[in-house]
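One-letter residues, chain by chain:
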Amino acid sequence: MTTEHPAERGGTGRDLFAAFSERASNVTSSPLFSALCVLLLLGMLAMHLLHLPTPWLIFAGDVVAAGSLLLLALLTNTERRDARAVQRKLDAIAAAMLEQREGTTHTAADELRRVIGMEEQQ
């Protein structure tokens, strides 16, 4: 376990968690997932209206809470990686523009080429 930002860990490949969180982000943004959430809420409402035993209601609430926490962690991970990639691209663009204006070396242009497509590499 590490506390470093995913973009600063090094390596060229994506780890399993990054790939999993990216797929989870794609699934959770679909209309099918939204429909599933509505059905889940209607099911919870039906459980309360049917006056099911309290342990069943507690278990259903725990399942929903655990799912919400997992989705929050996965989506936050994806959001942080994407925000970091955008920031690195903006920094590279600014450096390239500054180099062009000052007529100095072309290291910023090389960095800009490297960060293009960064969010797919992490």
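What counts, and at which threshold
- Residues numbered from 1 in each chain as written.
- Predicted model: local features only at pLDDT ≥ 70, side-chain atom pairs only at ≥ 80, totals over all residues.
- Heavy atoms only, no water.
- Helix = DSSP H or I, 4+ residues; strand = E, 2+ residues; numbered from the N terminus.
- Contact = heavy atoms within 4.5 Å.
- Areas by Shrake-Rupley, 256 points an atom, 1.4 Å probe, with all protein chains shown as cover.
- Expected span 1.5 Å × (residues − 1).
- Buried < 20%, exposed > 50% of the residue type's maximum accessible area, 1.4 Å probe, protein only.
- Patch = residues over 30% accessible without salt bridge, like charges linked within 9 Å, V, L, I, M, F, W, Y side chains within 5 Å.
- Salt bridge = Lys/Arg side-chain N within 4 Å of Asp/Glu carboxyl O.
- Axes fitted to C-alpha atoms, helices over the stretch in contact; angles between N-to-C directions.
- Parallel < 35°, antiparallel > 145°, perpendicular 65-115°, else oblique.

Draft legend 1. Seen up close, the overall build of the protein chain. Along its length, the protein chain carries 5 helices and 0 strands. Mapped in sequence order, the helices and strands of the protein chain form the string α-α-α-α-α. In the protein chain, once contacts between residues fewer than 6 apart in sequence are set aside, the share between residues at least 24 apart is 63%. Of the accessible surface of the protein chain, which amounts to about 9000 Å², a share of 68% is contributed by carbon and sulfur atoms.

Draft legend 2. Geometry of helix 3 (residues 54-102). The first and last C-alpha atoms of helix 3 sit 71 Å apart over 49 residues, in line with the 72 Å expected at 1.5 Å per residue. Within helix 3, burial applies to L57, A60, L74, N77, T78, R81, A85, R88, A92, A96 and E99. Where helix 3 terminates, the next one or two residues include G103, which has phi positive at roughly 70 degrees.

Draft legend 3. Structural context of a nonpolar patch on the surface. There is a patch of nonpolar side chains on the surface, built from V38, L39, L42, L45 and L49 and spanning about 510 Å² of accessible area. Within the secondary structure, V38 sits in helix 2 (residues 31-49). A relative accessible area of 47% means that V38 is categorised as partly exposed.

Draft legend 4. Structural context of the packing of helix 1 (residues 16-28) against helix 3. Two elements in contact, helix 1 and helix 3, have axes whose closest approach is 9 Å; the angle formed by their N-to-C orientations is 105 degrees. Overall, the two elements helix 1 and helix 3 adopt an arrangement that is roughly perpendicular. Only L71, L74, L75, N77, T78 and R81 of helix 3 make contact with helix 1, whose side of the interface consists of F17, A18, F20, S21, E22, A24, S25 and T28.

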